[in-house]
Amino acid sequence: MALLLHAHMHVSIARTATSALDRSKRKTRRRSSGVENLVVAGPTPSSTRVLVTGGTGGTGKALVEKLAAQGTPVAVLTRNATKAKAALPAVELVEGDLFSYDTAVEAVAGRDIIFICSGTTSRLDPFDPFKIDWQGVENLVAAAKQQGRVKKIIMVSSIGVDDPFFPLNLPFVGNGVLWMKKLGELAVQRSGIDYSIIRPGGLRSTDDGKQRNVVAGGQNTFGLPPRPKLPGSIRRTTVADACIAAMELPEVSRNKIVELVEEEQAPALSWTQVFSSV
């Protein structure tokens, strides 16, 4: 009897241990599944390969970070790869100068979408707007046409490009930078490739905490009189969102120039509504 009781207790203990182990495994599987679900729910890699120029600037950097966060394969054309590597998430870097056509060909190769966020950064070189904002864009367009794969070009330009008296067009203020952006716009428009040109108001890098919503208009809605509305301002992160929306909503953003500002009293609209209103 004692032997049978001992055997029975041994079996019971073994079953209890096995049951506890099974529960532990189930818990482990649930935890593992939770991690897997978290990964699946996160960024999903996209088959669309994009190029961003000006990716270390305020607007371009915000765009690169948002694209990388959603899993879109991003390449950044930069004049300084060391600086870009330190400032950006893990993305492909192409080092070179937009003024070089060979650089543009290398950067555009294999890309489906081009985001042009580049702009002059030198106040000492009066030819920088010519080299970056006009000829740099011309090079990108020519390279895209030569490659034949690019489906869309999304360019960040500026309110005021059509206004000869806008401050950034005056000598010794902006060295005619907006005129150069206008010529870049024309190159994009004449490319035969689907495009969206985003013309933001004054760019804000910080958020003052006030609730503002996007207000959109067509060409020359905003600017100096006699244009109906003043130039206004907009957060760089909102411009980055507009660029991504232009990529993801081709049916409402196709071949459009959209001027954007943010206003406190404006109603909240979806990006489909924003682009459809122009």
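A quick note: this is a predicted structure, and the numbers were derived from the prediction, not measured. (Residues numbered from 1 in each chain as written. Predicted model: local features only at pLDDT ≥ 70, side-chain atom pairs only at ≥ 80, totals over all residues. Heavy atoms only, no water.)

Engineer: Which parts of the structure should I look at to understand the packing of helix H5 (residues 128–147) against helix H6 (residues 177–189)?
Structural biologist: Two packed helices can be described by the angle between their axes and the distance between those axes. Their axes nearest at 8 Å, the elements H5 and H6 cross at an angle of 5 degrees. Between H5 and H6, the crossing angle belongs to the class labelled roughly parallel. Here Pro-129, Phe-130, Asp-133, Trp-134, Val-137, Glu-138 and Val-141 of H5 lie close against H6, whose contacting residues are Val-177, Met-180, Lys-181, Leu-183, Gly-184, Ala-187 and Val-188. Here the contact of H5 with H6 is built from residues that sort into 10 nonpolar, one polar and three charged. (Axes fitted to C-alpha atoms, helices over the stretch in contact; angles between N-to-C directions. Helix = DSSP H or I, 4+ residues; strand = E, 2+ residues; numbered from the N terminus. Parallel < 35°, antiparallel > 145°, perpendicular 65-115°, else oblique. Contact = heavy atoms within 4.5 Å. Nonpolar A, V, L, I, M, F, W, Y, C, P; charged D, E, K, R; others polar.)

Engineer: What is the right way to look at the pairing of strand E6 (residues 194–200) in this model?
Structural biologist: Looking down a regular strand, the side chains alternate between one sheet face and the other. Within E6, seven of the seven residues are buried, which leaves the element mostly enclosed by the surrounding structure. Where strand E5 (residues 152–156) lies against E6, five bridges are found, and the strand directions are parallel. Across the sheet, Val-156 pairs through a bridge with Ile-198, a residue of E6. Relative to strand E10 (residues 256–263), E6 is paired through five bridges, and the arrangement is parallel. Counted as the bridge partner of Ile-198 is Val-258 from E10. (Buried < 20%, exposed > 50% of the residue type's maximum accessible area, 1.4 Å probe, protein only. Pairing = 2+ DSSP bridges.)

Engineer: Sorry if this is basic, but what is going on with the packing of helix H4 (residues 101–108) against H5 here?
Structural biologist: Relative to each other, H4 and H5 sit at 50 degrees, their axes nearing to 8 Å. When the axes of H4 and H5 are compared, the pair comes out oblique. The hand of the H4/H5 crossing is right-handed. Across from Tyr-101, Ala-104, Val-105 and Val-108 in H4, the residues of H5 making contact are Asn-139, Leu-140, Ala-142, Ala-143, Ala-144, Gln-146 and Gln-147. Along the lines of polarity and charge, the residues of the contact of H4 with H5 split into eight nonpolar, three polar and no charged. (Left-handed = near helix turned anticlockwise from the far one by under 90°.)

Engineer: Would you explain the sheet that holds E10 in this entry?
Structural biologist: Paired through backbone hydrogen bonds, the strands of a sheet run either parallel or antiparallel to each other. On the basis of which strands lie adjacent, the open sheet formed by eight strands has the order E3-E2-E1-E4-E5-E6-E10-E8 and mixed pairing. Two strands bound the open sheet, and with one partner strand each, they are strand E3 (92–95) and strand E8 (213–217). Neighbour-to-neighbour, the strand axes of the sheet open up by a mean angle of 20 degrees, direction not taken into account. Across the sheet, helix H2 (residues 58–69) lies against strand E1 (50–53), strand E2 (74–78) and strand E4 (113–116), angled at about 160 degrees from E1, the strand it touches most.

Engineer: Honestly, the nonpolar core in this entry has me stumped. Any pointers?
Structural biologist: Soluble globular proteins tend to pack their nonpolar side chains together in the buried interior. In this structure, Leu-63, Leu-67 and Phe-115 are the most contacted members of the largest nonpolar core, which totals 33 residues. Residue assignment for this core shows that the elements contributing at least two residues are E1, H2, E2, E4, E5, helix H7 (236–248), E10 and helix H9 (271–276). The biggest single contributor to this core is H7, with eight residues. With near-sequence residues (within four places) excluded, Leu-67 lies in contact with Val-50, Val-52, Thr-72, Val-74, Phe-115, Ile-244 and Met-247. Of all hydrophobic cores here, the second largest spans 25 residues; its members include Val-94, Ala-107, Ala-143 and Ile-197. (Core = buried A, V, L, I, M, F, W, Y, C linked by side-chain atoms within 4.5 Å.)

Engineer: For this particular structure, what's the right way to read the side chain of Lys-182?
Structural biologist: Its place among the elements puts Lys-182 in helix H6. Here Lys-182 falls in the buried class, since its relative accessible area comes to 14%. A distance of 2.9 Å separates the side chain of Lys-182 from the side chain of Asp-162, its partner in a polar contact. Not counting chain neighbours up to four residues away, the residues in contact with Lys-182 comprise Val-161, Asp-162, Arg-199 and Gln-219. (Polar contact = N/O pair within 3.5 Å; in protein donor to acceptor, adjacent residues only side chain to side chain.)

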